[in-house]
Amino acid sequence: MTDGLWDGAARVLRENDLGGWTKPAPRLYPHQWSWDSAFHAIGLAHLDPGRALAELEHLFRAQWTDGRVPHIVFDPHVAGYWPGPELWAASSVSGAAPKDLLTSGLIQPPMHAIALWRIARAAGLTPSHAAPGPRIPLPSCEAPDAPPPPPPTASSPRGQPLLPRLAALYPKLVAWHRYLAARRDPERSGLLTVYHPWEGTDNTPRWDAALDRVRVGELPAYARHDVAVVGADERPSKAEYDRYLWLVALLRAAAYDDAAIARAHPFLIKDVQLSAIFAAASRDLGSLAALLDAPDEEQAEIAGWWHRSGQAVQKRWDDELELVLDLDLRADRSVRVVTSAGLSALILPDLDEELAKRLSRRLFGKDFAGAPGLAHPVALSTGAGAPEFRPRAYWRGPAWPVINWLLWSGLRERGHAEEARRLRSANLALLGRPGSQFAEYFEPYTAEPLGSPNQSWTAAVTLDWLAAEGDQMTAPAA
């Protein structure tokens, strides 16, 4: 079932490598995307931990002085991509944006500490493997814009010492998490706020009601890059895209200032998936802090982040839907839509075990991996029984390997070994089909590859699944 998968996945990452960073796809995504890069690093850690670390180092060179990591770092050599840096005008309107790099003004889920901890483990730097040596001095966590170390090359030998590089990157991750904990959760609720659908899962039905309330003003004519590469039936509609662009215009007018956005922006949602990833990433950031002997106060601060967010996500549990639900701040109500984001509590470090069992049953139930007629029993992005379900439309139904990886990692870390094995095996069976092409997402009933072929983060999670120790693969029944 997996013959050639490892070599194929490694080839995708190699062919999308631009010398220190990886584009998400050959044509559809020619720039560096934030959470994509974290997944790329997780896969690259199995090939070359030094190159995996370079992926994150390149991304964090574009970190804003307020700590945020922008969701896109634009490659200045790419012409003809739209929406490009001119839409964001980040450095023109915000003093926090870098002046020498072109970025967006949004964020994406903070997978980076998860990736960095996995790199540390792959390189043998974790406490059980690290060789004794002198303490590495930590740079200040208050200076995310400090000059970076010279960039390593993709050909850096596997044995190159990585601990000083990891120590140099660590305070940038602390600044990133501080930004999220303070600016994206000024209420200190433990739940992080998104300002735009592009900060997570673009056209998920989780955003429909909030987008319907957005009144779009005058927009200039535009030509979309995505529908020139992928069929329009798979992508967000013109009406959705108009709202996306109008929200960017509002954010740009607010100079991407979080306080101003909180006062007036029409789209403010406490996102359970973002918050669950933040909790899991903060736990791994805490492991890095311990490895690097960070100050006790800083370690306590980091532990507070993941405990607070973990508890807050669990409090979003809806007993009827058996999912955790987002909170629409402008409407002051829960977003009662059945999507895979509602399962995201599975990745929480301190998830209640009874809740974990219920979420696991829900994952393998009739809305998700147990939906009748699936080509492979993998988790769907939107519940099969939901009125919004569309099996070919981006985040409105297709199966995404990266989301399945997140859920698998949560099951595995909680010790739900059999459930984790089932999900991993099903996804590898899907990815191992002839013509699957490491696609961005898949039509769940036919297994047709959709979106971009040769998607880097799909290849990356394939490598991680193949490298997972202790799991005996069996091909599940289609």
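The structure displayed is predicted, hence computed values, not measured ones. Along each chain, the written sequence defines residue order, and numbers are assigned to residues from 1. In keeping with the model being predicted, local features are shown solely for residues with a pLDDT of at least 70 and side-chain atom pairs are shown and tallied solely at 80 or more, while totals for entire chains, interfaces and linings include all residues. Only heavy atoms go into the side-chain values, all of them from the structure, while hydrogens and water stay out.

**Student:** Honestly, unusual backbone geometry in this entry has me stumped. Any pointers?
**Tutor:** Apart from glycine, the bulk of residues carry a negative phi angle, and the bulk of peptide bonds sit in the trans form. Geometrically, the link from W82 to P83 is a cis peptide bond, its omega value of 5° lying close to zero. By the criteria applied, helices consist of DSSP H or I runs no shorter than four residues and strands consist of E runs no shorter than two, each listed in order from the N terminus. Mapped onto the secondary structure, P83 falls in the loop between strand 2 (72–73) and helix 4 (85–88). The phi angle at Y256 is positive, at roughly 55°, despite the residue not being glycine. Residues other than glycine seldom take positive phi values, yet E322 does so here, at roughly 55°.

**Student:** What exactly am I supposed to notice about empty space enclosed by the protein here?
**Tutor:** Unoccupied space between atoms shows up once a probe the size of one water molecule is rolled over them. We place a 1 Å grid over just the protein atoms. Points where a 1.4 Å probe fits but has no way out form a cavity, open points with protein on both sides within 12 Å along at least 5 of 7 lines form a pocket, and any residue with an atom within 4 Å of a point lines it. Grid points are joined across faces, edges and corners, and a volume is the space filled by probe spheres set on the points. For the coordinates displayed, the defined rule picks out six cavities of 30 Å³ or more. Of all elements in the fold, only helix 2 (34–44) and helix 10 (238–253) reach the threshold of two or more residues within the lining of the largest cavity. Classification used: nonpolar for Ala, Val, Leu, Ile, Met, Phe, Trp, Tyr, Cys and Pro, charged for Asp, Glu, Lys and Arg, polar for all others including Gly. Class assignment for the residues of the lining of the largest cavity results in 18 nonpolar, five polar and five charged.

**Student:** Would you explain the pattern of salt bridges in this entry?
**Tutor:** When the charged atoms of two side chains with opposite charge come close together, those side chains can pair. Salt bridge, as used here: a side-chain nitrogen of Lys or Arg that lies within 4 Å of a carboxyl oxygen of Asp or Glu. Summed over all chains, the structure comprises 33 salt bridges. We note a salt bridge from R336 to E320, for which the minimum N-O separation is 2.9 Å. One end of the pair, R336, is in the loop between strand 8 (333–334) and helix 14 (353–363); the other, E320, is in the loop between strand 5 (317–318) and strand 6 (323–324), with 16 residues separating them in the sequence. Throughout this description, buried means an accessible area under 20% of the type-specific maximum (1.4 Å probe, protein chains only), exposed means over 50%, and partly exposed covers the range between. Judged by its relative accessible area of 42%, R336 falls in the partly exposed class.

**Student:** What should I look at first to understand the environment of Y29 in this one?
**Tutor:** Residue placement: Y29 occurs in the loop between helix 1 (5–15) and strand 1 (32–33). Take Y29: its relative accessible area is 9%, and that puts it in the buried class. Each C-alpha atom of the pair Y29 and Q455 lies 9.1 Å from the other, and the pair is 426 residues apart in sequence. If we ignore the near neighbours within four places in the chain, the residues touching Y29 are K23, P24, R235, Y394, E440 and Q455. N or O atoms closer than or at 3.5 Å make up a polar contact, with two conditions inside protein: a donor-capable atom paired with an acceptor-capable one, and, for residues adjacent in sequence, both atoms drawn from side chains. A distance of 3.4 Å separates polar atoms of two side chains, one belonging to Y29 and the other to R235. A distance of 3.3 Å separates polar atoms of two side chains, one belonging to Y29 and the other to Y394. Whether two residues are in contact is decided by their heavy atoms, any of which lying within 4.5 Å being enough.

**Student:** How do you make sense of the nonpolar core when you look at a structure like this?
**Tutor:** Grouped burial of nonpolar side chains is what soluble globular proteins tend to show. What is meant by a nonpolar core is a set of buried Ala, Val, Leu, Ile, Met, Phe, Trp, Tyr and Cys residues, joined one to another through side-chain atoms within 4.5 Å. Membership of the largest hydrophobic core comes to 151 residues, with the highest contact counts inside it found for F39, M111, Y170, L285, L363 and W405. Per element, the largest residue contribution to this core is 12 residues, and it comes from helix 12 (residues 272–291).

**Student:** What is the right way to read helix 15 (residues 401–413) from this model?
**Tutor:** Since one α-helical turn is 3.6 residues long, residues separated by three or four positions face the same way. Given a helix with a known number of residues, its expected span is that number minus one, times 1.5 Å. Along its 13 residues, helix 15 runs 18 Å from first to last C-alpha, staying within 8% of the 18 Å computed at 1.5 Å per residue. The buried fraction of helix 15 amounts to 11 of the 13 residues, a majority that puts the element mostly inside the structure. All buried positions along helix 15 are accounted for by P401, V402, I403, N404, W405, L406, L407, W408, S409, G410 and L411. Count one or two residues on from helix 15 and you reach G415, which has phi positive near 90°.

**Student:** I tried to follow the packing of helix 2 against helix 3 (residues 49–60) on my own but got confused; where do I start?
**Tutor:** The description of two packed helices rests on the angle between their axes and on the distance between the axes. Between N-to-C directions, angles span 0 to 180 degrees; the directions come from axes that are lines fitted to C-alpha atoms, helices contributing only their stretch in contact. Where helix 2 meets helix 3, the axes come as close as 8 Å, and the angle between the chain directions of the two elements is 170°. Judged by the angle between their axes, helix 2 and helix 3 are roughly antiparallel. Between helix 2 and helix 3 the crossing geometry is left-handed. Residues S34, S37, A38, H40, A41 and L44 of helix 2 touch helix 3, and the partners they reach there are P49, R51, A52, E55, L56 and L59. By the definition adopted for this analysis, an angle is roughly parallel if under 35 degrees, roughly antiparallel if over 145, roughly perpendicular if from 65 to 115, and oblique otherwise. Should the near helix be turned anticlockwise from the far one by less than a right angle, the crossing is left-handed, and should it be turned clockwise, the crossing is right-handed.

**Student:** Would you mind showing me how to read the confidence of the model for the protein here?
**Tutor:** Low pLDDT means the predicted atomic positions in that stretch should not be read closely. Confidence in the prediction of the protein, expressed as mean pLDDT, is 91, and 90% of residues score 70 or more. Under a pLDDT of 50 for its full length, residues 471–478 has, in the predicted model, 20 contacts with residues more than four places off or in other chains. pLDDT is a per-residue confidence score from the predictor, ranging from 0 to 100.

**Student:** What exactly am I supposed to notice about the sheet that holds strand 8 here?
**Tutor:** Pairing between the strands of a sheet comes from backbone hydrogen bonds, and it takes one of two forms, parallel or antiparallel. When DSSP finds at least two bridges between two strands, those strands are taken to pair. One open sheet holds the four strands; their spatial order is 3-4-7-8, and the pairing between them is antiparallel. Every other strand in the sheet has two partners, leaving strand 3 (193–194) and strand 8 as the edge strands with one partner each.

**Student:** How should I be thinking about the side chain of S436 in this particular structure?
**Tutor:** Note that S436 resides in the loop between helix 16 (417–431) and strand 9 (441–442). Ignoring any residue separated from it by four or fewer positions in sequence, one finds S436 in contact with L430, L431, F442 and P449.

**Student:** Looking at this structure, how should I read the packing of aromatic side chains?
**Tutor:** Given two aromatic rings, their pairing is described by the distance between the two centres and the angle made by the two planes. Aromatic rings from Phe, Tyr and Trp, with only the six-membered ring used for Trp, were paired whenever their centres fell within 6.5 Å, and each pair was classed as stacked if the ring planes differed by under 30 degrees, edge-to-face if by over 60, and tilted otherwise. Here the structure, examined in full by the defined rule, presents 25 aromatic pairs. Seen from their ring centres, Y29 and W33 are 5.3 Å apart, and the 75° between their planes marks the pair as edge-to-face. Taken as a pair, Y29 and W33 share a single burial class, namely buried. Centre to centre, the rings of W395 and W400 are 3.7 Å apart; their planes meet at 5°, and the pair counts as stacked. Assessed through its relative accessible area of 2%, W400 is described here as buried.

**Student:** What is the right way to read helix 10 from this model?
**Tutor:** With 16 residues, helix 10 extends 23 Å between its outermost C-alpha atoms, agreeing within 8% with the 22 Å of an ideal straight helix rising 1.5 Å per residue. Looking at helix 10, one finds that the buried residues are E240, Y241, D242, R243, Y244, L245, L247, V248, A249 and L251. Residues of helix 10 that are buried in the fold lie against helix 4, helix 8 (208–212), helix 9 (226–229) and helix 11 (258–264). Positive phi shows up at A255, right after helix 10, with a value of about 60°.

**Student:** Explain the environment of Y241 to me, please; I cannot follow it from the model alone.
**Tutor:** Looking at the secondary structure, you find Y241 in helix 10. A C-alpha to C-alpha distance of 9.7 Å links Y241 and D202, two positions 39 residues apart in sequence. Setting aside residues up to four positions removed in sequence, Y241 forms contacts with W82, P83, W198, Y222, R224 and D226.

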